[in-house]
Amino acid sequence: MKPVTVHINKTVAVLSEQRKTVLQFLLSALFIGVGIWFFYHERSELSKVTAELSGAISLLVGAGIAVTLMYIFTHSFMYRSAFAALDEKITFKAGLNLFLKRNFISVFLPAGGVSSLAFFTDEIEKSGISKTKIHFASSLYGFVGIVSVVIIAIPVFVYGFVTRNVSGDEWIALLTVVLLLAVLYLLFRNITGKGYVYKLLKKYFPTIEVYVSDIDNGLIKWKRLLGCLAYSLLIEVWGILHLYIAARALGVNISLLACASGYIIAVVFMVISPFMRGLGAVEFSLGFVLTRFGFTMVEAISITTLYRFFEFWLPLLAGLL
């Protein structure tokens with residue numbers, strides 16, 4: 001009976017792998033279809049980017065592209081730090097691929113910034129890291145990303161409020177992100193304390209027990225997680241610098257406060273937006289914030305368009321490649 005059982009198990013494994021391949025193909029086809037529709041739908045914005053670039057200072061545009069490369073590379077280092085916090089190692093290339101691919105599909109997924117963290121685990125699994133740890137490290141990466149936004153945002157908003165450059169609506173957006181962070185923390189405490197949420201999740205996702213066991217056994221290396229936070233804060237710096245370069249490339253003088261406030265508002269709206277990484281909402285909110293700092297509507301739209309080219313379109317195209 002043993003040879004027959006082995007044969008059946010192999011057959012089941014092959015069928016399972018074939019089903020996985022078919023599902024991946026269908027999902028890829030869906031993404032490509034949505035991607036084609038997306039680029040067609042946003043063709044007017046792409047044409048505006050081209051028009052703005054033609055009048056920008058080429059040297060500063062080159063500097064903006066260089067910062068985009070640093071922005072992408074820092075995300076790779078941030079992923080490596082998230083895995084290092086679990087005492088696992090991934091290569092720079094693996095972290096780079098993980099960010100570019102997930103960043104690309106996040107545009108086409110509901111709540112893409114979070115839901116994309118579940119994709120593209122195969123390459124890292126081949127290096128011997130379990131899928132559970134990959135998802136755990138990805139969760140740390142996403143959580144730290146929100147924490148860094150709040151760390152940068154609070155002093156910027158307070159200063160902006162004192163100088164009357166931040167409105168009530170923008171405070172509501174920030175408070176929404178802080179609330180989201182608080183909810184995530186409370187969920188973490190409930191799960192690690194094996195409370196009601198833990199029992200509910202364990203019923204439907206038994207692997208949650210492995211997460212909690214790893215935490216109880218001191219798996220998380222907190223000092224390395226601080227390194228992940230440092231990279232995340234550096235990413236925020238790149239974003240503020242992007243906005244400054246975009247303005248200067250178009251011959252517009254801009255203050256550091258305006259850059260920091262505009263960037264944080266853009267990121268906050270991107271975080272709370274459930275679709276297409278805040279496309280539309282980010283442009284509107286950033287343009288509105290810039291007009292509050294005394295820029296004309298034309299200047300605000302021009303700066304926003306070039307900034308989004310650096311921060312959104314270039315990483316998106318890199319992910320497509």
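Right above here is the structure, for reference.
First things first, this report covers the structure right here in the doc. (Residues numbered from 1 in each chain as written. Predicted model: local features only at pLDDT ≥ 70, side-chain atom pairs only at ≥ 80, totals over all residues. Heavy atoms only, no water.)

A few words now on the overall build of the protein chain. Of the regular secondary structure elements, the protein chain holds 14 helices and zero strands. Ordered by position from the N terminus, the helices and strands of the protein chain form the series α-α-α-α-α-α-α-α-α-α-α-α-α-α. Per-residue burial for the protein chain yields a buried fraction of 43% across its 321 residues. Excluding contacts between residues fewer than 6 apart, the proportion of contacts in the protein chain whose partners are at least 24 apart in sequence is 72%. Surface summary for the protein chain: the accessible area is close to 17,000 Å², and the carbon and sulfur share equals 70%. (Helix = DSSP H or I, 4+ residues; strand = E, 2+ residues; numbered from the N terminus. Buried < 20%, exposed > 50% of the residue type's maximum accessible area, 1.4 Å probe, protein only. Contact = heavy atoms within 4.5 Å. Areas by Shrake-Rupley, 256 points an atom, 1.4 Å probe, with all protein chains shown as cover.)

Moving on: helix α11 (residues 222–249). Between its first and last C-alpha, α11 extends 40 Å over 28 residues, near the 40 Å set by a 1.5 Å rise per residue. Trailing α11 by a residue or two, glycine 251 shows a phi angle of about 75°, which is positive. (Expected span 1.5 Å × (residues − 1).)

Following the criterion strictly, the structure yields four salt bridges and no others. Among the ionic pairs, glutamate 311 bridges to arginine 308, the shortest N-O distance being 3.0 Å. Within this pair, glutamate 311 and its partner arginine 308 are both found in helix α14 (residues 297–320), separated by three residues, close to a single helical turn. For the pair formed by glutamate 311 and arginine 308, the shared burial category is buried. (Salt bridge = Lys/Arg side-chain N within 4 Å of Asp/Glu carboxyl O.)

Let us now look at the environment of serine 58. Mapped onto the fold, serine 58 is located in helix α3 (residues 58–84). Taking relative accessible area as the criterion, serine 58 reaches 62% and is therefore assigned exposed. Through-space distance from the C-alpha of serine 58 to that of alanine 249 is 7.5 Å; in sequence the pair is 191 residues apart.

Next up on the list: the packing of aromatic side chains. Enumeration according to the criterion identifies seven aromatic pairs in this entry. Between the aromatic rings of phenylalanine 77 and tyrosine 231, the centroid separation amounts to 5.7 Å while the plane-to-plane angle is 15°, which identifies the pairing as stacked. Taken together, the residues phenylalanine 77 in helix α3 and tyrosine 231 in helix α11 connect sequence positions 154 residues apart. The interplanar angle of 5° and the centroid separation of 3.8 Å between the aromatic rings of tyrosine 79 and tyrosine 141 together place this pair among those described as stacked. Remark: tyrosine 141 occurs in helix α7 (residues 131–162) and tyrosine 79 occurs in helix α3; sequence separation between them is 62 residues. Residue classification places tyrosine 79 among the buried positions, given a relative accessible area of 1%. Three or more aromatic residues joined by ring pairs make a cluster, and in this case those are Phe73, Phe77, Phe92 and Tyr231. For the cation-ring pair, arginine 308 lies above phenylalanine 312, with the distance from its terminal atom to the ring centre recorded as 4.5 Å. (Phe/Tyr/Trp six-rings, centres within 6.5 Å; stacked < 30°, edge-to-face > 60°. Lys NZ or Arg CZ within 6 Å of the ring centre and 35° of its normal.)

One non-glycine residue, aspartate 87, lies in the positive phi region at around 65°. With respect to the element layout, aspartate 87 can be found in the loop between α3 and α4 (92–106). The exposure class assigned to aspartate 87 is partly exposed, which follows from its relative accessible area of 47%.

Inspection of the secondary structure assignment puts leucine 100 in helix α4. Among all residues touching leucine 100, those that are not within four sequence positions of it are Ile72, Pro315, Ala318 and Gly319.

Before going further, it helps to spend a moment on the environment of isoleucine 134. Checked against the element boundaries, isoleucine 134 lands in helix α7. The exposure class of isoleucine 134 is buried, given its relative accessible area of 0%. In this structure the C-alpha to C-alpha distance between isoleucine 134 and threonine 121, which are 13 residues apart in sequence, comes to 6.9 Å. Beyond its immediate stretch of four places on either side in the chain, isoleucine 134 contacts Phe83, Arg102, Thr121, Ile124, Glu125 and Ile129.

Attention now goes to α4. An α-helical turn contains 3.6 residues, so any two residues separated by three or four positions project in the same direction. End to end, α4 covers 21 Å across 15 residues, agreeing with the expected 21 Å (1.5 Å per residue, within 8%). Among all positions of α4, only Ala94, Gly95, Leu96, Leu98, Phe99, Leu100, Arg102, Asn103, Phe104, Ile105 and Ser106 are buried.

Such coordinate-based values are descriptive only and should not be taken to indicate function.
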